[in-house]
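Breakdown of the fold
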Amino acid sequence: MQAAPRLIRAGSRFGVRHARPMMASQIRLNSTTAAPKKSFSKWAMTKAIVKYGLVGSVAYGIYAMYEQRHPEPQQELDPSKKTIVVLGSGWASTSFLKAIDTTHYNVVVVSPRNYFLFTPLLPSCTVGTIDVRSLVEPVRFITRHKAREVKVYEAECTNVDPERKMLTIKDSSEVKGASAESEIPYDYLVVGIGAQNATFGIKGVEEYGCFLKEVWDAQKIRSKLMDCIETAAFPGQSPEEVDRLLHMVVVGGGPTGVEYAAELHDFLVDDLSSWYPELAGKIKITLVEALPNVLPAFSKQLIDYTESTFKEQNISLHTKTMVKEVHEKDIVVKRPDGSLDTIPYGLLVWATGNTARPLVRNLMAKYPEVQNIRRGLAVDDWLRMKGPEDIFALGDASATHYAPTAQVAAQQGKYLARVFSMLANQEVLEQEIKEAATPEERAKKERKLAKAKDIKPFEYTHQGSLCYIGSDKAIADLPFGPGNVASGGVATYAFWRSAYISNLFSSRNRTLVITDWLKKTILGRDISRE
């Protein structure tokens, strides 16, 4: 009679509890507690995407920079291959070089400068927002990564002999060797030397104006800008002379002129006001444009937005105003009412249109019956120069119905590289047809050859227009469906930056430009003269 209680206690101790049934609600509660269901977290997924995306981007950037620093061995020049000589290292020529398949051709580059310059950001270099070295991509960084060796000559082409298929080149470096001039042959010639600044025959522009097209132009503007400010701060200057020295005049209301005026305004507000407080309030910026408004390629909405922004920034706009003459310390302009006026200046930046280079004019003179467009070489729909059959022209060196922009030049370079690939494919197929063993094989190759000969003409695809207008604002005219989308403001400025970063030709330049922007934001711009 006394064993039963001990057995029950033992059973209780060792977990024998089925004698006391549990409620259904307790069973459901225990099962839920034992196997909790995990909830979906969008925030966790977002963090994971950002984390792994960042890691992947950094890894890709490191790999890209390593690959750029460690190029693969190249094939040597092949005497059996045809030679393409590329003149210039601007947008058109560089895009062509990046896209051309050198397994089919020997390629030679002739350019007075041994680098590509990302010109859309050049106005930022004039005030120290970006260092000029950040926008420079050496040509050999591109050619060294091609499958076959590419010869690069830092020289200027002074003459083209289409009959002999021979070029005369002249050493353009400051240090001259025993041989300063030479001739090189070509099978195909690609002319991508761009254009030079147009002065419209106005007296004094070349002597006293500053252009904004090359690296040395930006450096010259920067030096002269700081000279004007430091000279204005020199003791004993009259008020009239101080006003003249601190008056910065920009001629040309296109994207280059507008962006330079905007960068100059930012330099004044962000930096000069701190380090030259006694002069900052006296600095004036004036933009002179012969047309009725600035940025004629943009929509009316964005033109009005730009002009209102410039008014808020105290940038004076003189539209319908033509420059008649340039002197050392002032310019003579013709007002809309026909009267002449004089505008004193300390710095004059000339950012107007383009005109053909001497070599282009020389080539045009050899074929006067078909080369009758003054602004550049007339070409057909396949970018072949009218006259000779083995010379092609790209970018600002050519005369097409497209606007002379970097977008057009870059697309032309890529297109022409595809054309040369198709020409090489034609030669291969023609040889295979000759060696065909059966009529069926020959017929098959002939169909492929007919398809390869069907080369479509060049068609430009407009990707939109961008322009920085100062105060961390930009405008964008972007194609969308049958029309355009016009946008302006701070958000567009972020898009402007991302678009330019993505269009830089290498990871090296992207890294340098982003670093320059960060340095400017944290440390400000450098105000030293050099």
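Calculation criteria
Residues numbered from 1 in each chain as written. Predicted model: local features only at pLDDT ≥ 70, side-chain atom pairs only at ≥ 80, totals over all residues. Heavy atoms only, no water. Disulfide = S-S within 2.5 Å. Salt bridge = Lys/Arg side-chain N within 4 Å of Asp/Glu carboxyl O. Buried < 20%, exposed > 50% of the residue type's maximum accessible area, 1.4 Å probe, protein only. Helix = DSSP H or I, 4+ residues; strand = E, 2+ residues; numbered from the N terminus. Phe/Tyr/Trp six-rings, centres within 6.5 Å; stacked < 30°, edge-to-face > 60°. Core = buried A, V, L, I, M, F, W, Y, C linked by side-chain atoms within 4.5 Å. Contact = heavy atoms within 4.5 Å. UniProt positions renumbered as here; feature names shortened; annotations may be inferred. pLDDT = per-residue confidence, 0-100. Pairing = 2+ DSSP bridges. Axes fitted to C-alpha atoms, helices over the stretch in contact; angles between N-to-C directions. Parallel < 35°, antiparallel > 145°, perpendicular 65-115°, else oblique. Left-handed = near helix turned anticlockwise from the far one by under 90°. Nonpolar A, V, L, I, M, F, W, Y, C, P; charged D, E, K, R; others polar. Right-handed = clockwise from strand over helix to strand, strands pointing away. Domains from an automatic or database assignment. Buried area = accessible area lost by both parts, 1.4 Å probe. Polar contact = N/O pair within 3.5 Å; in protein donor to acceptor, adjacent residues only side chain to side chain.

For the rest of this paragraph, the subject is the state of the cysteines. Every disulfide links exactly two cysteines, by a covalent bond between their sulfur atoms. One pass over the structure, following the stated rule, counts zero disulfides. In this structure Cys 210 is not part of a disulfide, and its nearest cysteine sulfur, from Cys 228, lies 8.7 Å away. Between Cys 467, a cysteine without a disulfide, and Cys 125, which holds the nearest cysteine sulfur, the sulfur-to-sulfur distance is 16 Å.

A few words on the pattern of salt bridges. Tallied over the entire structure, the rule returns 16 salt bridges. The residue Glu 149 makes a salt bridge to Lys 151 at a minimum N-O spacing of 3.1 Å. Glu 149 gets classed as partly exposed once you look at its relative accessible area, which sits at 27%. On the basis of relative accessible area, Lys 151 is assigned to the partly exposed category, the value being 31%. The salt bridge partner of Asp 271 is Arg 525, with a shortest N-O separation of 2.6 Å. Here Asp 271 is found in helix α10 (residues 255–275), whereas its partner Arg 525 is found in the segment after α17 (507–523), with 254 residues between them in sequence. For Asp 271, a relative accessible area of 4% puts it in the buried group. The class of Arg 525 is buried, set by a relative accessible area of 7%. Each of Asp 161, Arg 164 and Glu 183 takes part in a single network of salt bridges with overlapping partners.

According to the stated counting rule, one finds 19 aromatic pairs in the structure shown. A centroid spacing of 5.7 Å and a plane angle of 20° characterise the contact between Tyr 493 and Trp 496, whose relative ring orientation is stacked. One end of the pair is Tyr 493 and the other is Trp 496, both in helix α16 (residues 490–503) and three residues apart, which spans about a single turn. Accessibility assignment for this pair places Tyr 493 and Trp 496 in one class, buried. Chaining the aromatic ring pairs together yields one cluster made of Trp 91, Phe 116, Phe 118, Tyr 468, Tyr 493, Trp 496, Tyr 500, Phe 505 and Trp 517.

Among the nonpolar cores identified, the biggest contains 122 residues, and Leu 87, Leu 167 and Phe 420 are the most heavily contacted of them. With nine residues, helix α14 (residues 406–434) is the single largest residue contributor to this core. Contact partners of Phe 420, with chain neighbours within four places excluded, come to Ile 84, Phe 96, Ile 100, Tyr 105, Tyr 188, Val 190 and Phe 392. Membership of the second largest hydrophobic core comes to 14 residues, among which are Val 251, Ile 343, Leu 348 and Trp 350.

Here we take up the UniProt feature "domain: FAD/NAD(P)-binding" (unreviewed entry) in the protein chain. The positions UniProt marks with the feature "domain: FAD/NAD(P)-binding" (unreviewed entry) are residues 83–413. Note that residues 83–413 is 31% helix and 27% strand, and that its end C-alpha atoms are spaced 17 Å apart.

Confidence along the protein chain averages 90 in pLDDT terms, with 92% of residues attaining 70 or more. Note on residues 1–19: pLDDT is under 50 here. Beyond four places in sequence and across chains, it has two contacts.

Okay, the sheet that holds strand β16 (residues 340–344) next. If you walk across this open sheet you meet the three strands as β14-β15-β16, and the pairing is antiparallel. In this open sheet, the two strands that pair with only one neighbour each are β14 (322–326) and β16. Taken over all neighbouring pairs, the strand axes of this sheet differ in orientation by 30° on average, direction set aside. Inspection of the sheet shows strand β15 (residues 330–334) paired to β16 by five bridges, in the antiparallel sense. Paired with Lys 334 across the two strands is Leu 340, which belongs to β16.

What follows covers the packing of α16 against α17. α17 packs onto α16 with a crossing angle of 150° between their chain directions and a minimal axis gap of 9 Å. One element, α16, and the other, α17, form an angle in the roughly antiparallel class. Here α16 and α17 pass one another in a crossing that is right-handed. Listed contacts from α17 to Trp 496, Arg 497, Ile 501 and Ser 502 of α16 are Arg 510, Val 513, Ile 514, Trp 517 and Lys 520. For the contact of α16 with α17, the class distribution of residues is five nonpolar, one polar and three charged.

Tracing the backbone through its elements, the reader meets Thr 521 in helix α17. With 392 residues separating them in the primary sequence, Thr 521 and Thr 129 have C-alpha atoms 9.2 Å apart.

Before going further, it helps to examine the pairing of strand β2 (residues 105–111). Among the seven residues that make up β2, seven are buried, leaving the element largely enclosed by the rest of the structure. In β2, alternate side chains face the same way, and those of Tyr 105, Val 107, Val 109 and Ser 111 on one face and Asn 106, Val 108 and Val 110 on the other are all buried. Across six bridges, the pairing between strand β1 (residues 82–87) and β2 is parallel. Pairing of Ile 84 across the sheet is with Val 107, part of β2. With helix α4 (residues 91–99) bridging β1 and its parallel neighbour β2, the resulting β-α-β unit is right-handed. Two strands pair when backbone bridges link them, and β2 and strand β5 (residues 150–161) are joined in this way by five bridges, in the parallel orientation. Bridged to Ser 111 within β5 is Glu 154.

We now examine the domain arrangement of the protein chain. Parsing the protein chain into structural domains produces domain 1 (71–197 + 356–450) and domain 2 (205–352 + 463–523). On a C-alpha basis, the centres of domain 1 and domain 2 stand 33 Å from each other. At the boundary of domain 1 with domain 2, total buried surface from both sides reaches about 2900 Å², with 61% on carbon and sulfur atoms. Ranking the residues of domain 1 by area buried against domain 2 places Thr 126, Val 127 and Asn 197 at the top, with a combined share of 21%. Linking domain 1 to domain 2 there are twelve residue pairs in polar contact (both at pLDDT 80 or more). Among the elements of the structure, α4, β3 (115–117), α5 (122–125), β4 (136–138), β9 (196–197) and α14 are those that each provide at least two residues to the side of domain 1 that touches domain 2. A class-by-class count of the residues in the side of domain 1 that touches domain 2 yields 18 nonpolar, twelve polar and six charged.

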